[in-house]
Amino acid sequence: MTTPSAATPSSTAPGRAHGPAPAQAGAPGGRRGSLGPVGLVLAGGISVQFGGALAVTLMPRAGALGVVTLRLLVAALVLMVLCRPRLRGHSRTDWGTVIVFGVAMAAMNGLFYQSVARIPLGPAVTLEVLGPLTLSVLASRRALNLVWAALASTGVFLLGGGSFSGLDPLGVAFALGAGAMWAAYIVFSARTGRRFPQADGLALAMAVAAVLFLPLGVLESGTKLLDPTTFALGAAVAVLSSVLPYTLELLALRRLPASTFAILMSLEPALAATAGFLILDQTLAATEAAAIALVIAASMGAVRTQVGRGRRGKTAGGS
């Protein structure tokens, strides 16, 4: 899958330390160029949360580390076959970026699945999303994005019921650690997307993550990973939770600033709650529904800010 920006990674302005450069003001379809990456992010979020819900049902069969191993291994195989990335002609910095991206990906997945093995899916994602929210505050260069981040933070707090004291402390720690790795994933996904064509960098990073995690999965689950049903379910989780969302997000980050992308990640708790309701029979309280509304409002505000910025840039470029 490609977007108009996929063939040539966006250039980066000197000194810009976060996120890909925005779409050129004079590019055709300026508004579509702003909305297109947002659609990719939303589609990726829906896919990853339903994949996460499916993974929870798989854990009794393969264990948390086993599920992560299947997810990363199958995703790496699929992406390497589809992308057939070129191994030569890359600089040392290129390889360093891919390796760090792969390490962040492996750590993010491992910590998150350790979390959902101990606490419910909704609170786990709610805590995890604090990482991207923090990134949005640190990376943003627009004061208005701080407002959207604050609104999203309020929704995240309400979705957690105002307190996470009733949850397993280790599960909470794993979720917060996954959030930190998620923020690193956002940064290095953007950098990888600028350095490698199409999804080549993603395929290589996924292979790094799979190699790093394979010994852990084998140690915990052993021959359980070879069970046909377990492997098939793991492959489904890989496609829903890794192949589709990571590809969509990498393509989106070529055109969408990291600060806006991070605020859009605030939708993840709402998507997780929906997936939990449909697949895991987890219901929503009135407070949780209100929290979801706040999170969606913050995400819509971030989108409008990005689209408005693109319109102003196009007007300035044409004057």
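Everything numeric here is computed off the predicted structure, so don't read it as measured data. (Residues numbered from 1 in each chain as written. Predicted model: local features only at pLDDT ≥ 70, side-chain atom pairs only at ≥ 80, totals over all residues. Heavy atoms only, no water.)

**Student:** Would you explain the overall build of the protein chain in this entry?
**Tutor:** From N to C terminus, the protein chain includes 11 helices and 0 strands. Overall, the protein chain shows an N-to-C arrangement of helices and strands of α-α-α-α-α-α-α-α-α-α-α. Counting over 319 residues, the protein chain shows a buried share of 52%. Residue pairs in contact within the protein chain that sit at least 24 positions apart in sequence constitute 90% of those at least 6 positions apart. (Helix = DSSP H or I, 4+ residues; strand = E, 2+ residues; numbered from the N terminus. Buried < 20%, exposed > 50% of the residue type's maximum accessible area, 1.4 Å probe, protein only. Contact = heavy atoms within 4.5 Å.)

**Student:** What exactly am I supposed to notice about the environment of A293 here?
**Tutor:** With respect to the helices and strands, the residue A293 is situated in helix α11 (residues 286–318). As a C-alpha pair, A293 and A152 span 141 residues in sequence and 9.5 Å in three-dimensional space.

**Student:** Looking at this model, I keep getting lost on the nonpolar core. Mind explaining?
**Tutor:** Generally speaking, nonpolar side chains in soluble globular proteins are found buried as a group. By size, the foremost hydrophobic cluster in this structure holds 73 residues, and its most contacted members are F101, M105, F112, Y113, L202 and M206. Tallying contributions element by element places helix α1 (residues 30–83) first for this core, with 18 residues. Sequence-distant contacts of F112, defined by excluding residues within four places in its chain, comprise L121, A124, V125, E128 and A178. (Core = buried A, V, L, I, M, F, W, Y, C linked by side-chain atoms within 4.5 Å.)

**Student:** Hey, could you run me through unusual backbone geometry in this one?
**Tutor:** Excluding glycine, most residues fall at negative phi; most peptide bonds, likewise, are trans. A positive phi angle, near 45°, is found at R84, a position not held by glycine. Here R84 lies in the loop between α1 and α2 (92–116).

**Student:** Help me understand the pattern of salt bridges in this model?
**Tutor:** Two side chains bearing opposite charge may form a pair once their charged atoms approach each other closely. Tallied over the full model, the rule gives 2 salt bridges. Its salt-bridge partner being D227, residue R61 comes within 3.0 Å of it at the nearest N-O pair. Of this pair, R61 sits in helix α1 while D227 sits in the loop between α7 (200–221) and α8 (228–252), and the two are 166 residues apart along the sequence. D227 gets classed as partly exposed once you look at its relative accessible area, which sits at 30%. (Salt bridge = Lys/Arg side-chain N within 4 Å of Asp/Glu carboxyl O.)

**Student:** What is the right way to read the environment of P85 from this model?
**Tutor:** Within the secondary structure, P85 sits in the loop between α1 and α2. Accessibility expressed as a relative area gives 10% for P85, which makes it buried. Along the chain, P85 and A199 lie 114 residues apart, while their C-alpha atoms are 8.2 Å from each other. With sequence-adjacent residues up to four places away left out, P85 is seen in contact with M80, D200, A203 and L204.

**Student:** Sorry, what's going on with the packing of aromatic side chains here?
**Tutor:** How two aromatic rings sit relative to each other is given by the distance of their centres and the angle of their planes. For the structure on display, the rule yields 2 aromatic pairs. Plain terms: the ring middles of F101 and Y185 are 5.5 Å apart, the flat faces sit at 35° to each other, and that makes the pair tilted. Of the two residues, F101 is situated in helix α2 and Y185 in helix α6 (residues 169–195); the sequence distance between them amounts to 84 residues. Judged by its relative accessible area of 0%, F101 falls in the buried class. Between F112 and Y113, the aromatic rings sit 5.7 Å apart at their centres with planes inclined by 80°, giving edge-to-face as the arrangement. Its relative accessible area of 10% is what places F112 among the buried residues. Assessed through its relative accessible area of 1%, Y113 is described here as buried. Sitting over the ring of F188, R191 keeps its end group 5.0 Å from the ring centre. (Phe/Tyr/Trp six-rings, centres within 6.5 Å; stacked < 30°, edge-to-face > 60°. Lys NZ or Arg CZ within 6 Å of the ring centre and 35° of its normal.)

**Student:** Explanation requested: the packing of α2 against α6 in the structure shown.
**Tutor:** The relative placement of two packed helices comes down to the angle between their axes together with the axis-to-axis distance. Direction vectors running N to C along α2 and α6 enclose 155°, while the axes themselves pass 7 Å from each other. With respect to each other, α2 and α6 are oriented roughly antiparallel. Here the hand of the crossing between α2 and α6 comes out left-handed. For the contact of α2 with α6, the per-class residue count stands at 16 nonpolar, 8 polar and 3 charged. (Axes fitted to C-alpha atoms, helices over the stretch in contact; angles between N-to-C directions. Parallel < 35°, antiparallel > 145°, perpendicular 65-115°, else oblique. Left-handed = near helix turned anticlockwise from the far one by under 90°. Nonpolar A, V, L, I, M, F, W, Y, C, P; charged D, E, K, R; others polar.)

**Student:** Any chance you could explain the side chain of E128 here in plain terms?
**Tutor:** Residue position: E128 is located in helix α3 (residues 121–128). The side chain of E128 sits in the buried core without any salt bridge; R71 is the nearest counter-charge, 7.9 Å away. Ignoring anything within four residues of it in the chain, the contact list for E128 reads M108, F112, A175, A178, G179 and W182. (Lys, Arg positive; Asp, Glu negative; His and termini not counted.)

**Student:** For this particular structure, what's the right way to read α3?
**Tutor:** Extensive coverage of α3 is indicated by the burial of 7 of its 8 residues. All of the buried residues along α3 are L121, G122, A124, V125, T126, L127 and E128.

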